[in-house]
8 protein chains.
Amino acid sequence: MTKIAIMMGSKSDLPVMEEAANVLKDFDVAYEIRVLSAHRTPKETAEYAEGLRERGVKVVICGAGASAALSGVVAAHTTLPVIGVPIDATSLNGMDALLSTVQMPPGVPVGSVAIGKPGAKNAALLALRIFGVEDAAIAEKLEKFREEQKQKILNIKL
Amino acid sequence: MTKIAIMMGSKSDLPVMEEAANVLKDFDVAYEIRVLSAHRTPKETAEYAEGLRERGVKVVICGAGASAALSGVVAAHTTLPVIGVPIDATSLNGMDALLSTVQMPPGVPVGSVAIGKPGAKNAALLALRIFGVEDAAIAEKLEKFREEQKQKILNIKL
Amino acid sequence: MTKIAIMMGSKSDLPVMEEAANVLKDFDVAYEIRVLSAHRTPKETAEYAEGLRERGVKVVICGAGASAALSGVVAAHTTLPVIGVPIDATSLNGMDALLSTVQMPPGVPVGSVAIGKPGAKNAALLALRIFGVEDAAIAEKLEKFREEQKQKILNIKL
Amino acid sequence: MTKIAIMMGSKSDLPVMEEAANVLKDFDVAYEIRVLSAHRTPKETAEYAEGLRERGVKVVICGAGASAALSGVVAAHTTLPVIGVPIDATSLNGMDALLSTVQMPPGVPVGSVAIGKPGAKNAALLALRIFGVEDAAIAEKLEKFREEQKQKILNIKL
Amino acid sequence: MTKIAIMMGSKSDLPVMEEAANVLKDFDVAYEIRVLSAHRTPKETAEYAEGLRERGVKVVICGAGASAALSGVVAAHTTLPVIGVPIDATSLNGMDALLSTVQMPPGVPVGSVAIGKPGAKNAALLALRIFGVEDAAIAEKLEKFREEQKQKILNIKL
Amino acid sequence: MTKIAIMMGSKSDLPVMEEAANVLKDFDVAYEIRVLSAHRTPKETAEYAEGLRERGVKVVICGAGASAALSGVVAAHTTLPVIGVPIDATSLNGMDALLSTVQMPPGVPVGSVAIGKPGAKNAALLALRIFGVEDAAIAEKLEKFREEQKQKILNIKL
Amino acid sequence: MTKIAIMMGSKSDLPVMEEAANVLKDFDVAYEIRVLSAHRTPKETAEYAEGLRERGVKVVICGAGASAALSGVVAAHTTLPVIGVPIDATSLNGMDALLSTVQMPPGVPVGSVAIGKPGAKNAALLALRIFGVEDAAIAEKLEKFREEQKQKILNIKL
Amino acid sequence: MTKIAIMMGSKSDLPVMEEAANVLKDFDVAYEIRVLSAHRTPKETAEYAEGLRERGVKVVICGAGASAALSGVVAAHTTLPVIGVPIDATSLNGMDALLSTVQMPPGVPVGSVAIGKPGAKNAALLALRIFGVEDAAIAEKLEKFREEQKQKILNIKL
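The structure presented is a predicted model; accordingly, all values stated were derived computationally and were not measured.

Novice: Would you explain the overall build of chain A in this entry?
Specialist: For chain A, the count of helices and strands is six helices and five strands. Each helix (α) and strand (β) of chain A, taken in turn from the N terminus, gives the series β-α-β-α-β-α-β-α-β-α-α. The C-alpha atoms of chain A give 16 Å as radius of gyration, which agrees with the globular expectation for 158 residues (15 Å, within 12%). Expressed as lengths along the three principal axes of its C-alpha atoms, the size of chain A is roughly 50 × 40 × 30 Å.

Printed below as a string of structure tokens:
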């Protein structure tokens, strides 16, 4: 059953957002992935966001660049937790997307991760941490992931 | 007949957006003014934007601070020209609102003016310039405004 | 009949400003395109701006990089609506051009779009929205453009 | 039973972080609140973070200013979801805290909200959305909160 | 005989630009001071700039805030040396004025000094250094100024 | 006779500073060019700056990147006019060099031009404008340069 | 015996730099404190820096604002460790001083601390850590300071 | 005997941090070099930092990118002097790492050097200056290094 929706504002965001998808695959967590734009498909975005909870989706990850309104607009149309991934898609190195994603006004929360691929990967991990609050199996996998990540660093020989 | 809609994302934006209203009053151009939020009243904002053209509104001016999605969302729901006023509403001096307002992705245009009160005043003047394209009376008033503005500067005694 | 003037401060701005021209071609709207600099051809720029309305031009699009004075100077010499396109032409990624274009003082409005090609494309679309206020045919084309743009996104298969 | 831990790096962060606490009170969700610093009490911070899951805490909210390492360090010591609140505590208007909070390297996720009080309020709301994934009562309260928030805006008379 | 023209884009720039005037008074160098705007009085600004050399003015100091086009526009209309003073007149702390003033395209030089009062003072001193290239009396006064400035620091008792 | 000294903080600044040298060659104005660092050869830099006036040099152009102290230090050791060229030599795109060059404290003026090659070219033109205050031949050449520059733009065929 | 020299570029920096002095007093470490400017007293600054080691000074702390050249210039004239304190003295919130202080070119090191009072306090603590490398008494005091600092936080009752 | 510990948060930081190692090799000062992450190996980082003094290490150099917590966390676990090297590892050009490294709260000092390779080289030189406070041989080598560095510049023929 789909537990996570990955959305992105443009097909060109896919190489970044695949980082999130890959983490979810590694954790065997079902997700769906869609291109939907706050600006170019506003109604479809609103409808999609409104239908998410009913379909059993539990967390939404939204990647967007430039004036990155997607995560905020999705958060406006659902009460599910929304994680925003600012994408470096303009000459401003992602600073525009970061401020658009993170500086949400009080009342409509978005949790922003870092700009670009590191952020997309962490968005998936944050979603998994949310599942892990109640799901002991995922919590355990997260511990294992942390341990492996640690070992990778400790095994580096310079 | 209402020709311009002034929208703002929060009541606290009013002192800024009144600058736009005051210019329109000076030019005797009818406007309506509403608080509607891209994030807190997304459906009402969409419906309002969609109904504007039908009601005879010709230009929309949208003021918002922080992750200022309002102008972009309104531009997504109408084909009327949309002018965005970034408002300095956070610790970042309006840079967040500026980038959110101006860095629109291709396909959904917003014309951004300056941050804050100078921008709000210019938003109204830009709307009047748009009317003045076809409306000779407004074009003439704009010329008169320019002349007065010029004289004010030339009359300064230091 | 020429309805739009596209101006740019340097020949090197052409690859960006062609994005605006291409949109206008797609919409069958006549335009003229000129290199004129606020700093290197100030008189010709002023004269050109002053003559625009008389020649039937209705909207001006100005692209410039660095200390991008062009749109502001043109707005100072005409009461037509002026749309500014900040161009990323220096090491500062277009932030210099954005602030020069958008931070106009009260009294002389410029509507700024995004930095670079997305902005140039949107400048043309904003000009078309201005025409579409009165011109039902253009308004209809804009609706069709929006619909096609939407379908392109909805047809993406990931 | 305590479900949320609110941490902050300095007592001076309290006026900001109380915004989060107030939201949780309004939602009748138990929380604990502590001053613990990544830099000044590193061991106690690590131990506290490590003990959170065992004690039944489900989400951690961390507020910090300047080189805001707290949320990242807490995320390094727990697999619970961590929400970071950047606080404007230096001359740099919170940009330092924002970048320190949000730009986490891949592998250790933090969801950052906006700088300062709006962020603190949203941090609590994001935590509540996380609970609302499984807890229908909280999900319902969130819907009610959204409805009230909407009505407040719609009731504004200008 | 007037040797220096001090120009500013708005009367509100006067408290800053008086710092330049005061230095010139201290050095007994004649100056004139005018409010003229690149955007609000473009023709008068151009004519004034074009007439400067003929009237014996040797250096121009231009102060402006926001999209600070004044110094660049003046430099476009004269071959006299132009010194720009960026003024902190918006929410962006003068960064907009600084970039607009200093990032001139190749071919039309402006020498920018620091934002605000320190810059205005230095603009006058830079003008005096320009005179001092040929004028031994001014060069000597500059040496004396430097000596006094040095002594002031060396005499500080903490 | 050498009239201009071009200094740069590092040999790697040469491709930028050659732009200044090339302008001076075109104007047949004698210059000398030296690598001297405020940080690595502080005494030689001080001595060189102190000896400039005596040797008949009239204007100094200083290019430096990173914490660009060169122009300020030279201005501290001479009363000749100093023009600073910020160079983009680090990951910060020249913003570090720009602020180090332009934000001089009151009392020690530097005229900063734009970052990089456009700035270097303009530094030479500003130096020439300084000479042109008294030297009619240079003033005339500057007029001719402006005319040619204008014609180049007017002759562009798009 | 004086072990630390505290320098600052202007008397107005004293309220910031006193934070450093106060830490040293608390640790009973002798220091001297001087106003000397890289730009206004360049020779005295150079001579002072060159004489430090001989007089037994072991670490230099330099505070400066704007184009903060002091720490770099001192580092150019001594091989003692130099700690720079960027001071928020202009409209740019200390970002100019930070970049001028920290972005030193390779070969002449400065260790920069944070902008303003927190930085000044830490500059003194970093100097004490340097002494504590060899001086067991100071190392012990630093441990005690850390312990007290920790207890202060742990004793906070919210 | 190892006198310096070079730490970095990720193996990808090695090309930068090798600049520090190379300087230490040139000065024949023993060092050890380790990858340890504040976020991915927090306990090992803490233990390593706590054991440094005991093992005779005297100075720690920490390089990290993004939300660069490493230097601050190490400074929290030792009273040795810590030098931070911000690394340009994200789209933000190292500004995130710089602010995370340098903006330490009062009480836990880190001396930050410049972003990237110039900073890494200077980190080693700053460490050597710290040794040179007591170690005359190193002080002498530093003088020689300065002399050679000076000669390299003075020998440049343009």
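We are not done yet, so read on.
Novice: Would you mind going over helix α1 (residues 14-26) of chain A with me for this structure?
Specialist: Every α-helix carries 3.6 residues per turn, so stepping three or four residues along brings you back to the same face. Residues and elements named next belong to chain A. Taking 1.5 Å per residue, 13 residues should reach 18 Å; α1 reaches 18 Å between its end C-alpha atoms and fits that length. For α1, the complete set of buried residues consists of L14, V16, M17, A20, A21, V23 and L24. Taken from the residues just after α1, D28 is the one with a positive phi, measuring 55°.

Novice: Help me understand the relation of the copies chain A and chain D in this model?
Specialist: Relative to chain D, chain A is turned by 180° and slid 0.0 Å along the rotation axis, the superposed coordinates differing by an RMSD of 0.0 Å. Expressed as a symmetry operation, the mapping of one chain copy onto the other fits a two-fold axis. Interface overlap between copies is the fraction of interface residues in one copy that are interface residues in the other; for chain A against chain D it reaches 100%, indicating a shared surface.

Novice: What is the right way to look at the pairing of strand β1 (residues 4-8) of chain H in this model?
Specialist: Sheet faces and side chains relate simply in a regular strand, where the side chains alternate between the two faces. Residues and elements named next belong to chain H. Extensive coverage of β1 is indicated by the burial of five of its five residues. In this sheet, strand β2 (residues 31-35) lies alongside β1 in parallel orientation, the contact comprising five bridges. Counterpart to M8 in the pairing with β2 is V35. Once the chain exits β1 it traverses helix α1 (residues 14-26) before rejoining the sheet at β2, and the crossover so formed is right-handed. For β1 and strand β3 (residues 59-65), the ladder comprises five bridges, and the chain directions are parallel. Bridge assignment links A5 to a residue of β3, and that residue is V60.

Novice: What am I meant to see in the arrangement of the chains here?
Specialist: The two units chain D and chain E remain apart, with a minimum C-alpha distance of 12 Å. Note that chain A does not reach chain F: the shortest distance linking a C-alpha of one to a C-alpha of the other is 12 Å.

Novice: In this structure, what is going on with the interface of chain A and chain D? I would like to understand it.
Specialist: The figure often quoted for interface size is the accessible area lost as the parts come together. On the chain D side, the residues contacting the 43 residues of chain A number 43 residues. In total, about 3600 Å² of surface goes out of reach between chain A and chain D, with carbon and sulfur atoms giving 58% of it. The largest per-residue losses of area from chain A upon contact with chain D belong to T79, P109 and R129 of chain A, which jointly make up 20% of the total buried on that side. If you look at where chain A meets chain D, you find two salt bridges.

Novice: So what exactly am I meant to see when it comes to the packing of helix α4 (residues 95-102) of chain B against helix α4 (residues 95-102) of chain C here?
Specialist: Pairs of packed helices are described in terms of their axes, by the angle between the two and the distance that separates them. Where α4 of chain B meets α4 of chain C, the axes come as close as 13 Å, and the angle between the chain directions of the two elements is 90°. Taken together, the axes of α4 of chain B and α4 of chain C lie roughly perpendicular to each other. Facing M95, L98, L99 and V102 of chain B of α4 of chain B, the residues of α4 of chain C in contact are M95, L98, L99 and V102 of chain C. Looking at the contact of α4 of chain B with α4 of chain C, its residues break down into eight nonpolar, no polar and no charged.

Novice: Got a minute to help me understand helix α6 (residues 136-154) of chain G in this structure?
Specialist: Its 19 residues give α6 of chain G an end-to-end C-alpha distance of 27 Å, which sits within 8% of 27 Å, the value for a rise of 1.5 Å per residue. Among the residues making up α6 of chain G, those that are buried are I138, A139, L142, F145, R146, Q149, K150 and I153 of chain G. For α6 of chain G, the buried positions fall inside an angular range of 130° around the axis, keeping them on one side. Of the exposed residues in α6 of chain G, the ones pointing more than 90 degrees away from its buried face are A136, E140 and K144 of chain G. Along its buried surface, α6 of chain G packs onto β2 (31-35) and α2 (42-51) of chain D, α5 (117-132) of chain G together with α3 (70-77) of chain H. The distance from a side-chain oxygen at the start of α6 of chain G to the backbone nitrogen of A137 of chain G is 3.0 Å, and the residue carrying that oxygen is D135 of chain G.

Novice: Please explain the pairing of strand β3 (residues 59-65) of chain E as it appears in this structure.
Specialist: Residue and element names in this part refer to chain E. Counting buried positions along β3 gives seven out of seven residues, so the element sits mostly inside the fold. In this sheet, strand β4 (residues 82-87) lies alongside β3 in parallel orientation, the contact comprising six bridges. Looking at the pairing, C62 lines up with G84 of β4. With helix α3 (residues 70-76) bridging β3 and the parallel β4, this β-α-β connection has right-handed handedness.

Novice: How should the confidence of the model for chain A be read in this particular structure?
Specialist: In this model, chain A carries a mean pLDDT of 97, and residues with pLDDT of at least 70 account for 100%. Listed scores for the predicted complex are pTM 0.98 and ipTM 0.98.

Novice: Which parts of the structure should I look at to understand the pattern of salt bridges?
Specialist: Oppositely charged side chains may form a pair once their charged atoms are brought near each other. Overall, the coordinates contain 64 salt bridges over all chains when judged by the stated rule. Linking E32 of chain B and R55 of chain B is a salt bridge whose minimum nitrogen-to-oxygen distance equals 2.7 Å. With E32 of chain B in strand β2 (residues 31-35) and R55 of chain B in the loop between α2 (42-51) and β3 (59-65), this pair connects stretches of sequence that are 23 residues apart. Using a relative accessible area of 17% as the deciding quantity, one classes E32 of chain B as buried. Between E147 of chain B and K150 of chain B there is a salt bridge; the shortest N-O distance is 3.2 Å. In this pair, E147 of chain B and K150 of chain B both sit in helix α6 (residues 136-154), three residues apart, roughly one turn of the helix. Given a relative accessible area of 36%, E147 of chain B falls into the partly exposed group. Residue K150 of chain B is classed as buried on the basis of its relative accessible area of 18%. Connected through shared salt-bridge partners, E44 of chain A together with E147 and K150 of chain C make up one network.

Novice: Just checking my understanding: could you explain the side chain of R129 of chain B for this structure?
Specialist: Checked against the element boundaries, R129 of chain B lands in helix α5 (residues 117-132). Within the buried core, R129 of chain B has no salt-bridge partner, and the shortest N-O distance to an opposite charge, that of E143 of chain B, equals 8.2 Å. At 3.0 Å, the side chain of R129 of chain B and the backbone oxygen of T78 of chain C are in polar contact. R129 of chain B has contacts with L142 and R146 of chain B together with A75, T78, T79, L80, P81, V82 and P109 of chain C, leaving out every residue within four places of it along the chain.

Novice: What is the right way to look at the interface of chain G and chain E in this model?
Specialist: Facing 15 residues of chain G, the contacting portion of chain E comprises eleven residues. Carbon and sulfur atoms make up 74% of the area that chain G and chain E hide from each other, which totals about 1100 Å². On the surface where chain G and chain E come into contact, there are one salt bridge. With its nearest N and O atoms 3.5 Å apart, the salt bridge here joins E44 of chain G to K150 of chain E. Here chain G and chain E share one residue pair in polar contact (both at pLDDT 80 or more) between them. When residues of the side of chain G that touches chain E are assigned to their parent elements, the largest contribution, three residues, is made by strand β2 (residues 31-35) of chain G.

Novice: Is there a simple way to think about the environment of S37 of chain C in this case?
Specialist: By the element assignment, S37 of chain C lies in the loop between β2 (31-35) and α2 (42-51). In this structure the C-alpha to C-alpha distance between S37 of chain C and A137 of chain C, which are 100 residues apart in sequence, comes to 34 Å. When sequence neighbours within four positions are dropped, the list of residues in contact with S37 of chain C reads G9, P42, T45 and L70 of chain C together with I153 of chain F.

Novice: I tried to follow unusual backbone geometry on my own but got confused; where do I start?
Specialist: Keep in mind that most residues, glycine aside, have a negative phi and that most peptide bonds are trans. With a phi angle near 65°, N93 of chain C is a residue other than glycine that sits in the positive phi range. Looking at the secondary structure, you find N93 of chain C in the loop between β4 (82-87) and α4. The buried category is assigned to N93 of chain C, whose relative accessible area is 18%. For D28 of chain D, which is not glycine, the phi torsion reads 55° and is therefore positive. Relative to the helices and strands, D28 of chain D resides in the loop between α1 (14-26) and β2.

Novice: Help me understand the relation of the copies chain G and chain E, please; the structure alone is not making it clear to me.
Specialist: Superposition of the two copies of the chain requires a rotation about an axis and a shift along the axis. Of the transformation superimposing chain G on chain E, the axial component is 0.0 Å and the angular component is 90°, with the fit at an RMSD of 0.0 Å. In the structure described here, the two chain copies are related by an operation that fits a four-fold rotation axis. Here only 7% of the interface residues in chain G have copies in chain E that are interface residues too; the copies meet through unlike faces.

About the thresholds
Residues numbered from 1 in each chain as written. Chains lettered and ligands numbered in written order. Predicted model: local features only at pLDDT ≥ 70, side-chain atom pairs only at ≥ 80, totals over all residues. Heavy atoms only, no water. Helix = DSSP H or I, 4+ residues; strand = E, 2+ residues; numbered from the N terminus. Rg over C-alpha atoms; globule rule 2.2 N^0.38 Å. Expected span 1.5 Å × (residues − 1). Buried < 20%, exposed > 50% of the residue type's maximum accessible area, 1.4 Å probe, protein only. Least-squares fit on C-alpha atoms with pLDDT ≥ 70 in both. Contact = heavy atoms within 4.5 Å. Pairing = 2+ DSSP bridges. Right-handed = clockwise from strand over helix to strand, strands pointing away. Buried area = accessible area lost by both parts, 1.4 Å probe. Salt bridge = Lys/Arg side-chain N within 4 Å of Asp/Glu carboxyl O. Axes fitted to C-alpha atoms, helices over the stretch in contact; angles between N-to-C directions. Parallel < 35°, antiparallel > 145°, perpendicular 65-115°, else oblique. Nonpolar A, V, L, I, M, F, W, Y, C, P; charged D, E, K, R; others polar. Arc of directions from axis to C-beta. Polar contact = N/O pair within 3.5 Å; in protein donor to acceptor, adjacent residues only side chain to side chain. pLDDT = per-residue confidence, 0-100. Lys, Arg positive; Asp, Glu negative; His and termini not counted.

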